[in-house]
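# Fold and contact review
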Amino acid sequence: MSIIEVKAPGLLTTVQDLGREGFGPMGVSPSGAADPTALRVGNRLVGNPSNAAALEMTLLGGTFAFPNGAIIALTGSDFGASLDGATIPMWTSIEVSAGQTVHTGATRSGARCYLCVSGGIETKPFLGSRSTHLLSGLGGYEGRALRKGDVPKIGLSSGPFLKSTVSAQALHHLRQRKVLRVTPGPQSAWFPDAAHAIFYGSAYQVSEESNRMGLRLDGPRLDDPCLGEKPLPGGAVSEMITEGVSLGAVQITAAGLPIILFVEQQTTGGYPKIANVISADISSLGQLRPRDEIRFERVDWETARTALLEQEALLASDDLM
């Protein structure tokens, strides 16, 4: 079995696939790739199933040697990758010869870059997934980010090298959005019109405190004396009961600021949710960096469904390459 030798791990490099679904009642969130679209495209470029595990690099990439060679593809954000010192393109399958080294540096665009390898990264599955769940220290490579000297294994390649490149038109459709489309959250009606006007009319900045659990936003506060409480007939109020939460839910904290729940979110929460990022825009969340500026656009359920269907159709079509 082939391996990857980690010469330098980068800032935060983990093994990720598309995550583990269905374990919320056990308190385990899905985890998985922060930009699942980039992972799926990378796997298609190297002939893997869409759920094969890859290396997810965050903000600063690493250096990886391939003593037995490999077929790779780099997708997501541009981390200025090179092969033995020669620049290599993004969104393209590349044949790495035995003994060659791939180096990636600081991001030039978004937050995350994916190193996909034909055969996938082979680690012991946890609850049906190879994704690293950093909060619990489970899955992936020993439940943690990669370190210098680690040697992740590569599975058997699915076939010979075939040169493939994602089309410019497809990349345009899959580009990162800074205006995130959202549908109303379960407690959207609790917020007065003034709060909605602020939320949808303002720009927010991604906080330095953001991580894979959630993206904390700085900006105008949605101040309201009943925030977090449900008005009842007669003027009485009742505190919100903790309930299950979903990926992309936009909670409003007691301080009046939004938090977008992300891939390692807690599975329950007690803050009211004003909105939820639509499925088609989840990948854009995964590419947000600290200090990036975003806005929210409210869309209806049919628009959200259509956007997802169009995205899925593109990912499965021959027009992708």
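One can find the structure itself at the top, above this paragraph.
Residues numbered from 1 in each chain as written. Predicted model: local features only at pLDDT ≥ 70, side-chain atom pairs only at ≥ 80, totals over all residues. Heavy atoms only, no water.

### Things to note about the overall build of the protein chain
Going by this rule: Where helices and strands are cited, they refer to DSSP runs of H or I of at least four residues and of E of at least two residues respectively, numbered from the N terminus. To get the radius of gyration, use the C-alpha atoms; to get the globule rule, take the number of residues to the power 0.38 and multiply by 2.2 Å. Only protein chains enter the area calculation, which uses a 1.4 Å probe; residues under 20% of their type maximum are buried, those over 50% are exposed, and those in between are partly exposed. Contacts between residues were defined by any pair of non-hydrogen atoms, one from each residue, lying within 4.5 Å. For every accessible area listed, the method is Shrake-Rupley and the probe measures 1.4 Å; residues are considered covered only by the protein chains on display. Only four residue types enter the tally: Lys and Arg on the positive side, Asp and Glu on the negative side, with His and both chain ends excluded. Taken as the charge centre is NZ of Lys, CZ of Arg, CG of Asp or CD of Glu, depending on the residue.
Counting its regular elements, the protein chain contains 5 helices and 23 strands. The C-alpha radius of gyration computed for the protein chain amounts to 21 Å, which stays within 12% of the reference 20 Å derived for 321 residues, consistent with globular compactness. Along the first, second and third principal axes, the C-alpha atoms of the protein chain reach 75 × 40 × 30 Å. Counting over 321 residues, the protein chain shows a buried share of 51%. Counting only contacts in the protein chain whose residues sit at least 6 apart along the sequence, the fraction spanning at least 24 positions is 76%. Accessible surface, the protein chain: about 14200 Å² in total, of which carbon and sulfur atoms supply 53%. Averaged over its 27 positive side-chain charges, the protein chain has a centre that lies 4 Å from the centre of its 31 negative ones.

### Thoughts on the packing of helix α1 (residues 36–45) against helix α5 (residues 301–316)
Which entries qualify depends on this criterion: Inter-axis angles, ranging from 0 to 180 degrees, are taken between N-to-C directions of lines fitted to C-alpha atoms, where helices are fitted over the stretch in contact. What sets the label is the angle itself: under 35 degrees gives roughly parallel, over 145 gives roughly antiparallel, 65 to 115 gives roughly perpendicular, and the rest give oblique. Throughout, a crossing is termed right-handed when the near helix is turned clockwise from the far one, and left-handed when it is turned anticlockwise from it by less than a right angle. Just so you know the grouping, Ala, Val, Leu, Ile, Met, Phe, Trp, Tyr, Cys and Pro go in nonpolar, Asp, Glu, Lys and Arg go in charged, and all remaining residues, Gly too, go in polar.
Between α1 and α5, whose axes approach to 11 Å, the crossing angle comes to 20°. By the criterion of interaxial angle, the relationship of α1 to α5 is roughly parallel. Taken as a pair, α1 and α5 cross one another with a handedness that is right-handed. Where α1 approaches α5, its residues Thr37, Arg40, Val41 and Arg44 are matched on the opposing element by Gln311, Glu312, Leu314, Leu315 and Ala316. Looking at side-chain class alone, the contact of α1 with α5 contains 4 nonpolar, 2 polar and 3 charged residues.

### Remarks on the state of the cysteines
Disulfide: a covalent bond connecting the sulfur atoms of a pair of cysteines. Convention followed: Our working definition of a disulfide is a cysteine sulfur pair at a distance within 2.5 Å.
Overall, the coordinates contain 0 disulfides when judged by the stated rule. There is no disulfide at cysteine 113, and the cysteine sulfur nearest it, in cysteine 116, is 8.7 Å away. The exposure class of cysteine 113 is buried, given its relative accessible area of 1%. We classify cysteine 116 as buried; its relative accessible area is 0%.

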